[in-house]
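# Commentary on secondary and tertiary structure
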Amino acid sequence: MASNTFQLGLSQSQILELVKDTRVLREAFEAGSLPAMAAKLQATLHSLENVRLDIGITGGTGSGKSTFVNAFRGLGDEDPSSARTGVVEMTVEPTPYPHPKYPNVILWDLPGIGEPTFQAEKYLQRVLVDRYDFFIIITSESFTAKHAQLARRVLQQSKGFYFVRSKVDVDVAASRSRRPSTFSKEQVLSQIRDDCLRRLEAL
Ligand SMILES: Nc1nc2c(ncn2[C@@H]2O[C@H](COP(=O)(O)OP(=O)(O)OP(=O)(O)O)[C@@H](O)[C@H]2O)c(=O)[nH]1
Ligand SMILES: [Mg+2]
């Protein structure tokens, strides 16, 4: 999936441009023209730096989407330019946050998929699904039918997604305090991981 996702970050014309660049590079190499090769390589690398990547961060309301955006950008929640986080619903409109080091990588903090009448198709239309090269779907609880519906719809739209299970520290702490005699951190984490994998494979 990772390689598909990367390709989706480049438009058809950018891919054709790269193929052309590779040919020019090979010709410069075969002609033994190092200055021409160095100049072309520099230009190719520069054009890749300018590739824009829009990533949609989605998932359940309060699952930690904005916290993830802040962590990804290396910011604390109280930094003035961080995404707002909190214990009540915070993000109501898609909001772009550029990566500090790679400003062409834009993380879109999306509203949560909280409503009981959630419909993936309507939600994706509302957040303008075509804007994103791929998604990161975050859940802080079990993978529900709502998450499955969203993931399937994302795939139907020919987009890829990564899946992140957040707040595992809460599950570990609850298990430690409520079932101390059988507590095993590794076991809790592997149960969560196996459940997520099973549900993702069943999509
Ligand atoms: N313990 C723990 N708390 C977390 C974690 N991630 C987020 N939180 C807390 O969960 C609450 C909700 O986090 P947000 O990042 O605002 O969640 P969100 O998905 O952006 O919420 P909405 O925008 O309202 O949909 C905040 O109090 C966070 O501090 C985590 O991994 N562990
Ligand atoms: Mg939020």
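Residues numbered from 1 in each chain as written. Chains lettered and ligands numbered in written order. Predicted model: local features only at pLDDT ≥ 70, side-chain atom pairs only at ≥ 80, totals over all residues. Heavy atoms only, no water.

As annotated in an unreviewed UniProt entry, the chain is IRG-type G domain-containing protein from Phyllostomus discolor. The heading Sequence similarities (unreviewed entry) in the UniProt record of the chain holds the text "Belongs to the TRAFAC class dynamin-like GTPase superfamily. IRG family." (UniProt positions renumbered as here; feature names shortened; annotations may be inferred.)

### Description of the environment of D109
Summarising the element assignment, D109 is placed in strand 3 (residues 105-109). For D109 and A83, which are 26 residues apart along the polypeptide, the C-alpha to C-alpha distance reads 7.8 Å. Those residues in contact with D109 that lie beyond four places of it in its chain are I57, K65, S66, V69, A83, T91, E93, P94, T95 and Y97. Within polar-contact distance, the side chain of D109 engages the side chain of S66 at 2.6 Å. (Helix = DSSP H or I, 4+ residues; strand = E, 2+ residues; numbered from the N terminus. Contact = heavy atoms within 4.5 Å. Polar contact = N/O pair within 3.5 Å; in protein donor to acceptor, adjacent residues only side chain to side chain.)

### A look at the nonpolar core
Core analysis: the largest hydrophobic core is formed by 24 residues, its most contacted members being L110, Y123, L124, F135, L150 and F161. Sorting the residues of this core by element identifies strand 3, helix 5 (120-126), strand 4 (134-139), helix 6 (145-156), strand 5 (160-165) and helix 8 (185-201) as the ones contributing at least two each. Looking at this core, the element that brings in the most residues is helix 6, giving four residues. Taken together, domain 2 (52-164) and domain 3 (167-203) each give at least three residues to this core, which thus spans both. Aside from chain neighbours lying at most four places away, what touches L150 is T58, I113, F118, A120, Y123, L124 and I137. In this structure, I55, V69, V105 and I136 belong to the second largest nonpolar core, which totals 11 residues. (Core = buried A, V, L, I, M, F, W, Y, C linked by side-chain atoms within 4.5 Å. Buried < 20%, exposed > 50% of the residue type's maximum accessible area, 1.4 Å probe, protein only. Domains from an automatic or database assignment.)

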